[in-house]
There are 4 protein chains.
Amino acid sequence: MDNDPSTTRRERRIANRRTLILEAAARLFAEKGFHRTTTRDIAEAADVSEGTLYNYFENKDELLMGIMAHLADKQHLNDRFVGDLSGDAREFLRSVLRERRETIEQSGYMLQSVLSEILVNPELRERYYQGLMLPALQSLEDHLRSRREAGQVRSDNPALTARVLIGLIQGLFLLEVLGDPEVRYNWDELSATIINVLFDGVSN
Amino acid sequence: MDNDPSTTRRERRIANRRTLILEAAARLFAEKGFHRTTTRDIAEAADVSEGTLYNYFENKDELLMGIMAHLADKQHLNDRFVGDLSGDAREFLRSVLRERRETIEQSGYMLQSVLSEILVNPELRERYYQGLMLPALQSLEDHLRSRREAGQVRSDNPALTARVLIGLIQGLFLLEVLGDPEVRYNWDELSATIINVLFDGVSN
Amino acid sequence: MDNDPSTTRRERRIANRRTLILEAAARLFAEKGFHRTTTRDIAEAADVSEGTLYNYFENKDELLMGIMAHLADKQHLNDRFVGDLSGDAREFLRSVLRERRETIEQSGYMLQSVLSEILVNPELRERYYQGLMLPALQSLEDHLRSRREAGQVRSDNPALTARVLIGLIQGLFLLEVLGDPEVRYNWDELSATIINVLFDGVSN
Amino acid sequence: MDNDPSTTRRERRIANRRTLILEAAARLFAEKGFHRTTTRDIAEAADVSEGTLYNYFENKDELLMGIMAHLADKQHLNDRFVGDLSGDAREFLRSVLRERRETIEQSGYMLQSVLSEILVNPELRERYYQGLMLPALQSLEDHLRSRREAGQVRSDNPALTARVLIGLIQGLFLLEVLGDPEVRYNWDELSATIINVLFDGVSN
DNA sequence: AATGAATGAGGTTTCATTCAT
DNA sequence: TATGAATGAAACCTCATTCAT
């Protein structure tokens, strides 16, 4: 008998199932795309019946929303860390890139699955922009502004500089998805190159 | 009677129709996505019957391929221009960014329509990478190498530096699609910021 | 402790629940139809779980049967009253119509819920005809025969005359369900008209 | 080559198909009910593919609407005939009943299929009442009023008297559907009984 | 070459029913 | 006895593709 008053075994199993389904879905969406993935595929991958899917998610679209919510949660954790101004600026960028790498290794398939739809689904796009992109841009912008005031970096327009960095990171993710080996298997050197270029420029 | 031996009126009308269909398709794919766009939608938008679609394209997938081929054609023109080493390096980047802007204004919807599928369709992805991405990366890398040899820029690893620039451009396109106003309506200043950062760095 | 030997509290609660479920079901069936009503709807309306439904009824169809049985019980009470030959014939018809009115006000929704299915379910139809319709027709026919022998009414064929009256009553119920205001809100005058027409005819 | 400008062979085949589908659907709806009839059943009965159904009707509900429209068309023809005041009153009722009989023999299954849903579908009910019931009631009421003014019949309230006749007819249809043999196989005598009762009453 | 009606495979979703708790 | 999560069959409907005209 399980008498734990906070979470019974059943409750835990259920909480788990939701996550299980979500991860199975995201993996398949990344592999074959949202539309080529059938609810049956997802059910099989998550080892539940199709009917059960609908006990956890109202419809197929809500799976995408669930994935996005998951990404947003992770993102917000990072955004808080971006607020940290201790350490020097290069070190900061280095950690951003390292952390980014880890996130992508863990849940890059979630980003991939969602990104594809974002490009062609205005409603989802808006959600993504408001919930994930803008917050990230905003905290980076704030960070840049603080660093500038501390005389650590130069930036005429932190809003635009933030776009350059975030854009770059997104773009490299795309290159990685495309299978580019330099990005996929040479991240450390790439990382160093990025820091070098962004801080010192290519000018001779 | 049209006696022009190279392209008869009929041939031109046909060539025209193919393009018409392709553009209609790309526009719809960008708006609602490949899968949410029906062949009927495309037929209506192109003002032909559904049956006629199949006289010009073997199946729906071939429309995507057609769009990609169209993008590749445009790209190759640019790649040749990237070979041009006259002018100074900043000026070169400025033209790259301007030219990029124009391309996106003219046929961004094509890129958008194709990108969404590329993210989740391995076969298409491979084609895109080989046909569009690698050539672009390669010519930029060559360009960088030449400039470096001419002592105009610094680059430890031109392959990676090329990835930084191309990645940045891709990423900014994504931000634009997401509707970010700084990227969409402030391109000139953004362009200046990019040149400034990439050449001189943000280091103080 | 309840020591009542005939019906314990528990038995009464259970009997109650059965009735509660049946009434909830009938009401929903009348509102949205048997097929558009889900077992979940019924469970919610009766404030029990779906599982509990199946402790009281073998399956959804049995709910319909239960409603029919309930109607049949009521009907049989009336049929006995139809056997009463005291009072004059007009008075008799008047009470039939009044009584009918009351039944419909109390449990018209049950009739409605069942009627819809009867029209298209041969098995149910047969049950309804044998269990409800024929008995009503038979007792009215007997009644008419008696009255005729007593010289109180004229009827060449009491079987057919009974059909005329029962048919009329059924048809008016239909008009009421259809929302006809003359039938719904003007029953007393309608009742008088019926008596007038059936006894004296419209002939001038 | 068919050069008939008004209706080509193809057009006729298509017009025909719509009717074919509608009749197949109505027949099945009457036999097993709207909800127990699958679109596949209908397609098979009409000897077309399921997809074809949807070229002629937007969805399953629209089949019901189509049936109702068909019934309304027939009804309106009769309503005009009800306007005819030549002939004596009994003769009029006799033709109404005869005509009714014929209609039911030809398309009773359509009425049956629709009636079942009308009982439990408020939207459909309203359509039926406004489109079929009210017009029928209204023209009968007008007819009665004219006859009364001509001194041919007695009626304190023609609106209610009309309800009595229409209600009776509906109710007898119900009895017929229920399989009552007196109504089904003895229509002529039933018809005579109705005329006799309604004109002369059962009073002795 | 152009049309658009016909097709039918396949997708999402619903829901009556079961059963472990 | 009561619960409600899990099930999976089956329903409606869409849509890429074909083909007779």
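As the structure is a prediction and not an experimental result, all values here were calculated from the model.

(A) Fine view of the overall build of chain A. Regarding its fold elements, chain A presents 9 helices and 0 strands. Listing every helix and strand of chain A by position from the N terminus yields α-α-α-α-α-α-α-α-α. Taking the principal axes of its C-alpha atoms as reference, chain A extends roughly 65 × 40 × 30 Å. A separation of at least 24 residues holds for 66% of the contacts in chain A among residues at least 6 apart in sequence. Looking at chain A as shown, the accessible area adds up to about 9,700 Å², and 47% of this sits on carbon and sulfur atoms. Once the 26 positive and 33 negative side-chain charges of chain A are each reduced to a mean point, those two points are 2 Å apart.

(B) Fine view of the protein's contact with DNA strand F. With respect to spatial proximity, 31 residues lie near DNA strand F, and among them T52 and Y56 of chain A, T39 of chain B, R17 of chain C together with K60 of chain D are the closest. Sugar and phosphate atoms represent 70% of those atoms of DNA strand F found within 4 Å of the protein. Within the backbone of S49 of chain C, one N or O atom sits 3.0 Å away from a phosphate oxygen of DNA strand F. At the level of secondary structure, the elements contributing two or more residues to the surface near DNA strand F comprise α1 (9-32) and α3 (50-56) of chain A, α3 (50-56) of chain B, α1 (9-32) and α3 (50-56) of chain C together with α3 (50-56) of chain D. Its residues placed into classes, the surface near DNA strand F shows 7 nonpolar, 16 polar and 8 charged.

(C) Fine view of the pattern of salt bridges. The final tally for this structure, using the stated rule, is 46 salt bridges over all chains. Among the salt bridges present, the one from R163 of chain C reaches E141 of chain C, with a minimum N-O distance of 3.8 Å. In this pair, R163 of chain C is assigned in helix α7 (residues 158-177) and E141 of chain C in helix α6 (residues 122-149), connecting sequence segments 22 residues apart. Given a relative accessible area of 10%, E141 of chain C falls into the buried group. With a closest N to O distance of 2.8 Å, R101 of chain D and E176 of chain D form a salt bridge. Taken together, the positions of R101 of chain D in helix α5 (residues 89-118) and E176 of chain D in helix α7 (residues 158-177) put the pair 75 residues apart, joining distant regions of the chain. Given the relative accessible area of 10%, E176 of chain D is considered buried.

(D) Quick peek at the confidence of the model for chain A. All names here are of chain A. Averaged over all residues, the pLDDT of chain A equals 92, while 93% of them reach at least 70. The secondary structure element of chain A with the lowest average pLDDT is α1, at 87, and the one with the highest is helix α2 (residues 39-46), at 98. This model gives residues 1-6 a pLDDT under 50, and the stretch forms 4 contacts once residues within four places in sequence are excluded.

(E) Highlighting the interface of chain C and chain D. At the junction of the two partners, chain C supplies 59 residues and chain D supplies 58 residues. Counting the surface chain C buries against chain D, the share from its top three residues, L119, R154 and L178 of chain C, is 14%. The tally of links between chain C and chain D comes to 4 salt bridges. R36 of chain D is the salt-bridge partner of E117 of chain C, the closest N and O atoms lying 2.6 Å from each other. Put simply, chain C and chain D have 25 residue pairs in polar contact (both at pLDDT 80 or more) between them. Tallied by class, residues from the side of chain C that touches chain D come to 29 nonpolar, 18 polar and 12 charged.

(F) Inspection of the packing of aromatic side chains at higher detail. Overall, the coordinates contain 6 aromatic pairs over all chains when judged by the stated rule. Relative to F34 of chain D, the ring of F29 of chain D has its centre 5.0 Å away and its plane inclined at 70 degrees; by these criteria the two rings are edge-to-face. Residue F29 of chain D shares its accessibility class with F34 of chain D, and that shared class is buried. Sitting over the face of the ring of Y109 of chain A, R27 of chain A holds its NZ or CZ atom 4.1 Å from the ring centroid.

(G) Representation of the protein's contact with DNA strand E in the model. Taken together, 30 residues sit near DNA strand E, with K60 of chain A, R17 and T52 of chain B, T39 of chain C together with T52 of chain D positioned nearest. The sugar-phosphate backbone supplies 69% of the atoms of DNA strand E found within 4 Å of the protein. A distance of 2.6 Å separates a phosphate oxygen of DNA strand E from a polar backbone atom of T39 of chain C. Counted by class, the surface near DNA strand E contains 7 nonpolar, 16 polar and 7 charged residues.

(H) Inspection of a negative patch on the surface at higher detail. Residue and element names in this part refer to chain A. A grouping of E58, D61, E62 and E123 is seen on the molecular surface, where their side chains present a negatively charged patch. Structurally, E62 can be placed in helix α4 (residues 60-82). Since its relative accessible area comes to 32%, E62 is described here as partly exposed.

(I) Just the interface of chain A and chain B, in detail. Across the contact, 59 residues belong to chain A and 59 residues belong to chain B. Between chain A and chain B, roughly 5,400 Å² of surface is buried when both sides are summed, and carbon and sulfur atoms account for 63% of that area. Three residues stand out in chain A for area buried against chain B, namely L119, R154 and L178 of chain A, and they jointly supply 14% of the buried area on that side. Viewed at the interface, chain B and chain A are joined by 4 salt bridges. The tally of links from chain A across to chain B stands at 25 residue pairs in polar contact (both at pLDDT 80 or more). For the side of chain A that touches chain B, the class distribution of residues is 29 nonpolar, 18 polar and 12 charged.

(J) Spotlight on the nonpolar core. If you look at the biggest cluster of nonpolar residues, it comprises 140 residues, and the most contacted ones within it are I21 and Y128 of chain A together with I21 and Y128 of chain B. In contact with Y128 of chain B, not counting residues within four places along its chain, are L178 of chain A together with M68, L111, V114, L115, I118, M133 and Q170 of chain B. One finds V96 of chain C together with F92, Y109 and V177 of chain D within the second-largest nonpolar core, a separate group that totals 139 residues.

(K) The arrangement of unusual backbone geometry in detail. With a phi angle near 60 degrees, D47 of chain B is a residue other than glycine that sits in the positive phi range. On the secondary structure map, D47 of chain B appears in the loop between α2 (39-46) and α3.

(L) Region of the structure containing the relation of the copies chain C and chain D. Laying chain C over chain D is done by rotating through 180 degrees and shifting 0.0 Å along the axis; what remains is an RMSD of 0.1 Å. Such a turn and shift between the copies fits a two-fold axis. When you check the interface residues of chain C against chain D, 98% turn up at the interface there too, and the contact is symmetric in its surfaces.

(M) Structural context of the packing of helix α9 (residues 187-200) of chain C against α7 of chain D. In the contact formed by α9 of chain C and α7 of chain D, the axes pass within 10 Å of each other and the chain directions differ by 65 degrees. Here α7 of chain D runs roughly perpendicular to α9 of chain C, going by the angle between their axes. Of the two elements, α9 of chain C crosses α7 of chain D, and the hand of that crossing is right-handed. Here E189, L190, T193 and I194 of chain C of α9 of chain C come into contact with α7 of chain D, specifically with L160, T161 and V164 of chain D. Within the contact of α9 of chain C with α7 of chain D, the residues separate by chemical class into 4 nonpolar, 2 polar and 1 charged.

(N) View of the relation of the copies chain A and chain B. When chain A is fitted to chain B, the best match, at an RMSD of 0.1 Å, comes from turning it 180 degrees and sliding it 0.0 Å along the axis. Interface overlap between copies: 100% of the residues of chain A at the interface are likewise at the interface in chain B, consistent with a symmetric, same-surface contact.

Cut-offs and rules
Counting starts from 1 at the beginning of each chain's written sequence and moves along it residue by residue. A letter from A marks each chain and a number from 1 marks each ligand, given out in the order of writing. pLDDT decides what is reported in this predicted model: residues at 70 or higher carry local features, side-chain atom pairs at 80 or more are listed and counted, and totals for whole chains, interfaces and linings draw on all residues regardless. To obtain the side-chain values, all non-hydrogen atoms of the structure were included, while hydrogens and water were left out. What counts as a helix is a DSSP run of H or I of at least four residues, what counts as a strand is a run of E of at least two, and both are numbered from the N terminus. For this analysis, residues touch if any pair of their heavy atoms sits within 4.5 Å. Computed by Shrake-Rupley with a 1.4 Å probe, the accessible areas treat only the displayed protein chains as cover when residues are assessed. In this count, Lys and Arg are taken as positive residues and Asp and Glu as negative ones, while His and the chain termini are left out. One atom stands in for each charge, and that atom is NZ of Lys, CZ of Arg, CG of Asp or CD of Glu. Neighbouring residues are identified by heavy atoms, a residue being near a molecule or strand if any of them is within 4 Å of it. Here a polar contact is recorded for every N or O atom pair within 3.5 Å, except that within protein the pair must consist of a potential hydrogen donor and a potential acceptor, and residues adjacent in sequence are included only if both atoms are side-chain atoms. Polar here means any residue other than Ala, Val, Leu, Ile, Met, Phe, Trp, Tyr, Cys and Pro, which are nonpolar, and Asp, Glu, Lys and Arg, which are charged; Gly is therefore polar. When a carboxyl oxygen of Asp or Glu is within 4 Å of a side-chain nitrogen of Lys or Arg, the pair counts as a salt bridge. For the exposure calls, accessible area comes from a 1.4 Å probe over protein chains only, and a residue counts as buried if that area is under 20% of its type's maximum, exposed if over 50%, partly exposed in between. The predictor's confidence in any single residue is recorded as pLDDT, a number from 0 to 100. Accessible area, probed at 1.4 Å, shrinks when two parts are joined; the buried area is that loss added up over both. Side-chain rings of Phe, Tyr and Trp, where Trp is taken by its six-membered ring, are said to pair if the distance between their centres is within 6.5 Å; with planes under 30 degrees apart they count as stacked, over 60 as edge-to-face, and otherwise as tilted. Charges are assigned to positions over rings by a cutoff of 6 Å between ring centre and Lys NZ or Arg CZ, combined with an angular limit of 35 degrees from the ring normal. Patch criteria: residues need more than 30% relative accessible area and no salt bridge. Like-charged residues are merged within 9 Å; nonpolar side chains of Val, Leu, Ile, Met, Phe, Trp and Tyr are merged within 5 Å. The set of buried Ala, Val, Leu, Ile, Met, Phe, Trp, Tyr and Cys residues whose side-chain atoms join them within 4.5 Å is what this entry labels a nonpolar core. Superposition of the copies was done by least squares, using only C-alpha atoms of residues whose pLDDT is at least 70 in both. Axis definition: a line fit to C-alpha positions, over the contact stretch in the case of helices; interaxial angles, taken between N-to-C directions, run 0 to 180 degrees. Geometric relationships in this document are graded by angle, where less than 35 degrees denotes roughly parallel, more than 145 denotes roughly antiparallel, 65 to 115 denotes roughly perpendicular, and other angles denote oblique. Note on convention: near helix rotated counterclockwise from far helix by under a right angle means a left-handed crossing. Clockwise means right-handed.

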